[in-house]
Every structure is written in structure tokens, then in C-alpha cells.
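Structure assessment
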Amino acid sequence: MPQISQLAAVYASQIFWLLLTFGIVFFVVGRGMLPKVQKTIDSRDKSIADDLAAASRARDEADKAEEAWRQRDHANREKAQALVAEARSRAAKATEATLRAAHEEQAAKVAAGEAEVRAATDRALAEIEAVAAEAAQEIVSRVSGASVSLDEAKGAVKAAMTHG
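Just so you know, these numbers come straight off a predicted model, no measurement behind them. Once a new chain begins, its residue numbering starts again from 1 and follows that chain's sequence as written. At least 70 in pLDDT is required for a residue's local features to be given in this predicted model, at least 80 for side-chain atom pairs to be given and counted, and no such filter applies to totals for whole chains, interfaces and linings, which use all residues. Hydrogens are left out, water is left out, and the side-chain values use all remaining heavy atoms of the structure.

This next bit is on the overall build of the protein. By definition, any uninterrupted DSSP run of H or I lasting at least four residues is a helix, any uninterrupted run of E lasting at least two residues is a strand, and each is numbered from the N terminus. In terms of helices and strands, the protein carries three helices and zero strands. Each helix and strand of the protein, placed in order from N terminus to C terminus, yields the pattern α-α-α. Over its C-alpha atoms the protein spans a radius of gyration of 63 Å, topping by over 25% the 15 Å that the globule rule assigns to 164 residues. Structurally, the protein occupies a C-alpha span of about 195 × 35 × 20 Å along its principal axes. Per-residue burial over the protein gives 2% buried out of 164 residues. Carbon and sulfur atoms make up 63% of the accessible area of the protein, which amounts to about 13900 Å² in all. This count recognises Lys and Arg as positive and Asp and Glu as negative, with His and chain-terminal groups excluded. Taken as the charge location is NZ of Lys, CZ of Arg, CG of Asp or CD of Glu. Charge-centre separation for the protein: the mean point of 22 positive side chains lies 16 Å from the mean point of 24 negative side chains. Atoms counted for the radius of gyration: C-alpha only. Globule rule: 2.2 Å times the number of residues to the power 0.38. Exposure categories follow from relative accessible area, calculated using a 1.4 Å probe and restricted to protein chains: below 20% of the type maximum is buried, above 50% is exposed, and the middle band is partly exposed. Every accessible area reported is derived by Shrake-Rupley at a probe size of 1.4 Å, with residue values counting cover from the shown protein chains alone.

What follows is the structure in C-alpha cells.
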């Protein structure tokens, strides 16, 4: 069969053109385009690494800023607590002074009231003694008909009031 005998010649030609085409594609793609693609990949990898490094630096800076903020916040809290403690202390002292002044004022008023009561009691006792002395003088003169002086009646009333 003649078709079978031509097979070797046809395949040899097709294999030649196949190898030539693959060779051209290899040199065009492998030598021309592949370095550009590899360069783009390397550039992209470098860009990603740089972005990761920048993100790491930014995170470190943020951590430092947060720590500084926490220290300032802690210091401010301590200052605020010291101010509150000082204000409480001043308020306690002011309250204590006000209470002491009020207590002293009340004690003075009580002492003045007690003095007034003692004076009123002394006046009342003096009046009672005077009335009792006059009554005793009159009773003695009515009952016994004897005349008793006012001084004697006062002495007798004092003695009776003292001894009960």
C-alpha cells in the first residue's frame, strides 16, 4: 500500500515542523516573556515583603504609642486619686472645724442657759425665803402673839431650808 509507505516521510516532515515550532515558542516564551513574568513575580514578592515589614513597623509603633498612652493614663489616674484624697482630707478638716465651732457655740449657749437657770433659781429661792420669812413672822405673831423680827424669821427659814 502506497499510503503506508509515505507515512515515514510525512511523519518526518511533521516532526521537523513540530520541533521547529516548539523551538521558536521556547525561545520566544522562555527567553523573552518568562524573564518579564519572573521579574513581575519577584517585584510582587518584594512589594508584599515590604508591605509586611511596614505593617510590622506600624504595629510596633502602635504598641509603643499604646504603652505610652497607658503610662500617661496611669499617671493621670494616680494624680486624680491624689487630688481626690487631698480634697477629701481638706473637706474632712473643714467639716471637723465647722463641727468644732458649732460644738463650742452650743456649749457656750448651754453654759449661758445653765447660768440663767442658776440665776433664776437663786432669785426664786431668795423670793421664796423672803415670802416664807414674812409668812413665818406673821404666823408666829398670830399663833403665839409674839413679835419676831424679820431677820430672825429669815434665819429660821434658812435653817429649815438647809436642814430640810
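There is more to say, and it comes next.
All right, on to the UniProt feature "transmembrane region" (unreviewed entry) in the protein then. UniProt positions are given in the numbering used here, feature names are shortened, and annotations may be inferred rather than shown by experiment. The UniProt entry lists residues 15-34 under the feature "transmembrane region" (unreviewed entry), expressed in the numbering used here. Secondary structure across residues 15-34 comprises 100% helix and 0% strand; the distance between its end C-alpha atoms is 25 Å.

A cluster of nonpolar side chains, namely Phe 16, Trp 17, Leu 20, Ile 24, Val 25, Val 28, Val 29 and Met 33, defines an oily patch on the protein surface of about 760 Å² accessible area. You can see Val 29 is positioned in helix α2 (residues 7-143). The class of Val 29 is partly exposed, set by a relative accessible area of 40%. Nonpolar side chains (Val, Leu, Ile, Met, Phe, Trp, Tyr) within 5 Å and like charges within 9 Å form the patches, drawn only from residues with over 30% relative accessible area and no salt bridge. In what follows, salt bridge is the name for a side-chain nitrogen of Lys or Arg lying within 4 Å of a carboxyl oxygen of Asp or Glu.

Only the contacting stretch of a helix is used when fitting its axis, a line to C-alpha atoms as for every element, and angles between N-to-C directions run 0 to 180 degrees. For the pair α2 and helix α3 (residues 150-163), the least separation of the axes is 8 Å and the interaxial angle reads 120 degrees. Taken together, α2 and α3 sit at an angle that is classed as oblique. Considering only the axes of α2 and α3, their crossing is right-handed. Residues Leu 125, Glu 129, Ala 132, Ala 133, Glu 134, Ala 136 and Gln 137 of α2 form the contact with α3, whose own contacting residues are Leu 150, Ala 153, Lys 154, Val 157, Lys 158 and Met 161. Every angle not falling under 35 degrees, over 145, or within 65 to 115 is termed oblique; those three ranges are roughly parallel, roughly antiparallel and roughly perpendicular. In this scheme, a crossing is called left-handed if the near helix is turned counterclockwise away from the far one by less than a right angle; it is called right-handed if the turn is clockwise. Any two residues whose heavy atoms approach within 4.5 Å are treated as being in contact.

Each pair of aromatic rings is reported with the distance of its centres and the angle of its planes. Any pair of Phe, Tyr and Trp rings, taking the six-membered ring for Trp, is counted once the centres come within 6.5 Å. Such a pair is stacked with planes under 30 degrees apart, edge-to-face with planes over 60 apart, and tilted for the rest. Across all of its chains, the model carries two aromatic pairs by this definition. Ring geometry for Phe 26 against Phe 27: centres 5.4 Å apart, planes inclined by 75 degrees, an arrangement best described as edge-to-face. Of the residues examined, Phe 26 reaches a relative accessible area of 49% and is grouped as partly exposed.

This brings us to the environment of Glu 61. Mapped onto the elements of the fold, Glu 61 is located in helix α2. What makes Glu 61 exposed here is its relative accessible area of 55%. When the C-alpha positions of Glu 61 and Asp 151 are compared, they lie 108 Å apart, and in sequence the two are 90 residues distant.

Let us look at the confidence of the model for the protein. Looking at any residue, its pLDDT shows the predictor's confidence there, from 0 to 100. Averaged over all residues, the pLDDT of the protein equals 89, while 98% of them reach at least 70. Per-element averaging of pLDDT across the protein places helix α1 (residues 2-5) at the bottom with 68 and α2 at the top with 92.

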